[in-house]
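Okay, here's what each chain looks like letter by letter:
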Amino acid sequence: MRFEPDFGSVIAGVVVVLGLLLFDRLQIDDPVGAISVHGLCGIWGTLAVGLWGLESLGAPGDGLFVGGGLRVLGVQALGTVVCLGFVALTMWVAFKLIDLTSGLRVSRDAELRGLDVHEHGMESYAGFQIFVTD
């Protein structure tokens, strides 16, 4: 059996790495890379249907690079923008409600000591904590 990576996955790999670097540079707190993996690569996958999708395989029409023109790419781009707008609005409301009720951030002391110590009274990894926990 021979491994043959598909072109879309190779591009997604580049997208996720560049996204991680971008969010680090913008100082956006995303320690596990979820925005890059699910957000940016999700956008890439959605737009890829508009570029290479085949109607015979279930796409809403043929993509731009397989003779389908801009219609499917436009629909995919519009869907992406609508989803981004929906997520931005609903998460703004959710975060605002959390901030007003219980707050979004822990105290500076809890952040420095570690959330495992603050929330559970113990370290999650023995010997990993570099601060005094008493």
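Above this text sits the structure in question.
Fair warning: this is a prediction, and the values are worked out from it, not measured in the lab.

1. Concerning the pattern of salt bridges
Taken as a whole and assessed by the stated rule, the structure comprises one salt bridge. In this structure, the salt-bridge partner of Glu111 is Arg105, at a minimum N-O distance of 2.8 Å. A relative accessible area of 46% means that Glu111 is categorised as partly exposed.

2. Here we look at the layout of surface pockets
Size it by volume and the largest pocket reaches roughly 240 Å³. In terms of lining residues, the largest pocket is bounded by 13 residues, among which Gly39, Leu40, Ile43, Leu84 and Val87 are the most central. For the lining of the largest pocket, the elements supplying multiple residues, two or more each, are helix 2 (34–52) and helix 3 (71–101). In terms of residue count, helix 2 provides more of the lining of the largest pocket than any other element does, seven residues in total. Of the residues that constitute the lining of the largest pocket, the class distribution is eight nonpolar, five polar and no charged.

3. A closer look at the side chain of Thr80
Within the secondary structure, Thr80 sits in helix 3. Ignoring sequence-local partners within four residues, the contact set of Thr80 consists of Ile43, Thr46 and Leu47.

4. What about the packing of aromatic side chains?
Enumeration according to the criterion identifies three aromatic pairs in this entry. Taken together, a centroid distance of 6.0 Å and an interplanar angle of 75 degrees make the contact between Trp44 and Trp52 edge-to-face. An aromatic cluster of at least three residues, connected via ring pairs, comprises Phe7, Trp44, Trp52 and Phe65.

About the thresholds
Residues numbered from 1 in each chain as written. Predicted model: local features only at pLDDT ≥ 70, side-chain atom pairs only at ≥ 80, totals over all residues. Heavy atoms only, no water. Salt bridge = Lys/Arg side-chain N within 4 Å of Asp/Glu carboxyl O. Buried < 20%, exposed > 50% of the residue type's maximum accessible area, 1.4 Å probe, protein only. 1 Å grid on protein atoms, 1.4 Å probe; cavity = no way out; pocket = protein on both sides within 12 Å on 5 of 7 lines; lining within 4 Å. Points joined across faces, edges and corners; volume = space filled by probe spheres on them. Helix = DSSP H or I, 4+ residues; strand = E, 2+ residues; numbered from the N terminus. Nonpolar A, V, L, I, M, F, W, Y, C, P; charged D, E, K, R; others polar. Contact = heavy atoms within 4.5 Å. Phe/Tyr/Trp six-rings, centres within 6.5 Å; stacked < 30°, edge-to-face > 60°.

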